[in-house]
Amino acid sequence: KKEYTPFPPPQQPSKVDAQLESGEYFLSDKERKDRAKAARADENKRSKELRDKEKAAVLVPPKEKRAKRSAEPADTEGAANPATVIKKRMGAAAFSGAGAKKSSASDFLMKPI
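Residues numbered from 1 in each chain as written. Predicted model: local features only at pLDDT ≥ 70, side-chain atom pairs only at ≥ 80, totals over all residues. Heavy atoms only, no water.

### Quick word on the overall build of the protein chain
For clarity, the threshold we go by: To qualify as a helix, a DSSP run of H or I must reach at least 4 residues; to qualify as a strand, a run of E must reach at least 2; elements of each kind are numbered from the N terminus. Areas reported as accessible are Shrake-Rupley estimates using a 1.4 Å probe. Residue values count occlusion only from the protein chains shown.
The secondary structure content of the protein chain amounts to four helices and zero strands. Going residue by residue from the N terminus, the α and β elements of the protein chain occur as α-α-α-α. Surface accessibility of the protein chain: about 12,000 Å² in total, with carbon and sulfur atoms responsible for 58%.

Written as structure tokens, this is what we have:
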């Protein structure tokens, strides 16, 4: 429990006292409004810069992964002709009609193990 003191706490400064200390009490109404408007504009500018920084941080593109190089060199001649690319990937026998095997419905059915 606190000790009893017969003296009241010191009085808080009034709004007029604060204006006297800052010198605002002696300004005209127009000067007071201009000062308040400038303070609001400064605060708006700071908050806009903060929002812009947050938006810019969200819009940073992710780093691109580097493509792995393949063991075999790329063939630039066949890239112009898609038929040669398909032949190389699938094999020459799969592309030509002569060596192709005809498939039947039984080829697609599941076979017992």
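### Topic: a nonpolar patch on the surface
Going by this rule: Excluding any residue in a salt bridge, patches collect residues exceeding 30% relative accessible area, merging like charges within 9 Å and nonpolar Val, Leu, Ile, Met, Phe, Trp and Tyr side chains within 5 Å. Only one rule defines a salt bridge in this text: a Lys or Arg side-chain nitrogen within 4 Å of an Asp or Glu carboxyl oxygen. The cut-offs for exposure are 20% and 50% of the maximum accessible area for each residue type, with area from a 1.4 Å probe on protein chains only; residues under the lower value are buried, those over the upper are exposed, and the others partly exposed.
Taken together, the side chains of V16, L20, Y25 and F26 define a hydrophobic patch exposed on the protein surface, amounting to about 410 Å² of accessible area. Examined against the element boundaries, F26 turns out to sit in the loop between α1 (15-22) and α2 (29-58). Given a relative accessible area of 65%, F26 falls into the exposed group.

### Some points on the pattern of salt bridges
For the coordinates displayed, the defined rule picks out five salt bridges. For D29, the salt bridge is made with R32, and the minimal N-O distance between the two is 3.3 Å. In this pair, D29 and R32 are both assigned in helix α2, three residues apart and thus about one turn of the helix distant. For D29, a relative accessible area of 53% corresponds to the exposed category. Through salt bridges with shared partners, a single ionic network connects D42, E43 and R46.

### A word on the packing of aromatic side chains
Selection criterion: Working definition: a ring pair exists when centres of Phe, Tyr or Trp rings (six-membered ring for Trp) sit within 6.5 Å. Plane angles under 30 degrees give stacked, over 60 give edge-to-face, the rest tilted.
On inspection of all chains with the given rule, the structure shows one aromatic pair. When the centroid spacing of 5.5 Å and the interplanar angle of 90° are considered together, the rings of Y25 and F26 count as edge-to-face.

### Examining the confidence of the model for the protein chain
In plain terms, the rule: A residue's pLDDT is simply how confident the predictor is in it, with values from 0 to 100.
When pLDDT is averaged across the protein chain, the result is 79; 74% of the residues are at 70 or more. Mean pLDDT in the protein chain bottoms out at helix α4 (residues 92-95), which sits at 53, and peaks at α2, which reaches 94.

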